[in-house]
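Structural overview for review
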Amino acid sequence: MVDEAVGLVNTLDNWSVVDKIILSTKTPEKKRIFGKGNFKLLTEKIRQTQGITAVFVNVERLSPLSEKEFEEAWGVKVLDRYSVVLHIFRRETLLEFQQRLLKEREGKIRRALEVLRRKRKLLRSARTHKDLPVVSVVGYTNCGKTTLIKALTGDRALQPRDQLFATLDVTVHAGRLPSHMAVLYVDTVGFLSQLPHQLIDSFSATLDDVKHSDLIVHVRDISHPETVNQKVNVLTVLKSLQIPERLLSSMVEVHNKVDLVNDYAASEAGVVPVSALTEQGLDRLKVVLEEEVVRSTGKLVLNLTVDLSSPQLSWLYREATVQEVTVDGDEGSAVAMVIIGTAAYGRYRKTFPAAP
């Protein structure tokens, strides 16, 4: 938890950790979270250390009494986990953060998230109309989701960063599977353990798209010492968000960063090991994704006989995924192997009623 706390602070622009100390604390319900001895020790350390402009107490939420007592004793701004995470979501400077009231900041975030929710509802409507499979990529913060999507799509505009909460909004990126089927990858906000409960609703709002996916990919940083606990946290949050069981049961687990693990060996069945950075294992992952997408969407794999003098084949190239075409020159026809959604196939039959 110390490394994660340091990572949170380092995520903030122009902030850095001057020093750190581990002390036992009492339960948050107590009037004071530190015993007298630890409080004295911490106070002396703060006063003796140069360059301290704020103190981060890594607990979910400090009581107003504790916050006031600490700030009076230490003479600097005191932050808890709630205020730091909120600060990350706003990307403000330290001066701006100190000048704003907590209630005002949270109100702005909630209004912004409502706008994002409406925007993503429109995007979902457009994706449904085009019958494009949607794959949501989830994982603990800094697990390599964005790097993986960049490798899968070739989207050079994506700029992954090695920091917590590098992705603060849901973004959508187009890619193609081995059969050339178009698919949309949704890059989600990274998960975090012990997310302050006041921000859970806001965090959940950014994950609305996951519920409407055809497939979920859970990316794990398999090189991280807390990878098992991170997996538990992600699965717990997904269940709390009432993700449909069909999505949870079909979820593809990806072990990322295997290039950083000596003698990696999968400890669980069914996982897909990759290195998004070196692109190791990506071909196998794409095959797995295609199999699961076809299964989850109920798409049809058909051999359709088309008349080459008609626009049938061009229609199929536009509205479906054409995998292979075998031409019969003598008959002036061809057999097209296609992957097509049921709705699109219905339109095909309506457009070409004479087609066999």
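What comes next concerns the included structure.

Cut-offs applied
Sequence order as written defines residue numbering, which begins from 1 separately in each chain. Given that this is a predicted model, residues contribute local features only at a pLDDT of at least 70 and side-chain atom pairs are listed and counted only at 80 or more, while totals for whole chains, interfaces and linings are drawn from all residues. With hydrogens and water stripped out, all remaining heavy atoms of the structure feed into the side-chain values. In this text, helices come from DSSP runs of H or I with a minimum length of four residues, and strands from runs of E with a minimum of two, each type numbered from the N-terminal end. Here the term buried applies to any residue with accessible area under 20% of the maximum for its type, exposed to any over 50%, and partly exposed to those in between, with areas from a 1.4 Å probe on protein chains only. In this description, contact between two residues means that some pair of their heavy atoms is separated by no more than 4.5 Å. We get accessible surface area from the Shrake-Rupley algorithm with a probe of 1.4 Å; when it comes to residues, only the shown protein chains can shield them. Nonpolar core, defined: a set of buried Ala, Val, Leu, Ile, Met, Phe, Trp, Tyr and Cys residues in which side-chain atoms within 4.5 Å join the residues together. Here a cavity denotes a set of grid points, spaced 1 Å apart and computed over the protein atoms alone, in which a 1.4 Å probe fits but from which it cannot get out, and a pocket denotes an open set meeting protein on both sides within 12 Å along at least five of seven lines; residues with an atom within 4 Å of a point are reported as lining. Grid points are joined across faces, edges and corners, and a volume is the space filled by probe spheres set on the points. Only Asp, Glu, Lys and Arg are considered charged, only Ala, Val, Leu, Ile, Met, Phe, Trp, Tyr, Cys and Pro nonpolar, and every remaining residue, Gly among them, polar. What makes two strands pair is DSSP finding at least two bridges between them. Helix axes are fitted only over the stretch in contact, all axes being lines through C-alpha atoms; the angle between N-to-C directions runs from 0 to 180 degrees.

**Considering the overall build of the protein chain**
Scanning the protein chain for helices and strands turns up 14 helices and 11 strands. The 356 residues of the protein chain split such that 46% are buried. Excluding contacts between residues fewer than 6 apart, the proportion of contacts in the protein chain whose partners are at least 24 apart in sequence is 61%. Of the roughly 18900 Å² that the protein chain leaves accessible, carbon and sulfur atoms contribute 52%.

**What about the nonpolar core?**
Within the largest apolar cluster, 26 residues are counted, with the highest numbers of intra-cluster contacts made by Leu148, Tyr185, Val217, Val252, Leu285 and Leu289. Counting residues per element, this core draws most heavily on helix α12 (residues 282–297), at 6 residues. For Val217, the contacting residues outside a window of four places in its chain are Val135, Ser136, Val137, Val138, Val252, Val254 and Leu289. Ranked by size, the runner-up nonpolar core spans 15 residues in total, among them Val306, Ala336, Ala344 and Ala355.

**Some details on the layout of surface pockets**
In this structure, the largest pocket occupies an estimated 930 Å³ of space. Together, 34 residues line the largest pocket, and Asp19, Lys20, Val55, Phe56 and Val57 are the ones closest to its centre. Among the secondary structure elements, those contributing two or more residues to the lining of the largest pocket are α1 (2–11), α2 (36–48) and β1 (54–56). Examining the composition of the lining of the largest pocket, we find that 4 residues originate from one element, α1, more than from any other. Here the lining of the largest pocket is built from residues that sort into 22 nonpolar, 8 polar and 4 charged.

**What to know about the pairing of strand β11 (residues 333–340)**
Taken across its 8 residues, β11 has 6 buried, putting it largely inside the fold. Both strand β9 (residues 300–307) and β11 contribute to a ladder of 8 bridges, which runs antiparallel. If you follow Leu300 over to β11, its bridge partner there is Ile340. Strand direction decides the pairing type here: strand β10 (residues 321–328) and β11, joined by 7 bridges, are antiparallel. The residue of β11 that forms the bridge with Thr321 is Ile339.

**Regarding the sheet that holds β10**
With antiparallel pairing, 3 strands are arranged side by side in an open sheet as β9-β11-β10. Edge positions in the open sheet fall to β9 and β10, since each of these has one partner strand only. Taken over all neighbouring pairs, the strand axes of this sheet differ in orientation by 20° on average, direction set aside. Contacting β9 and β11, helix α14 (residues 342–351) runs over the sheet at an angle of about 20° to β9.

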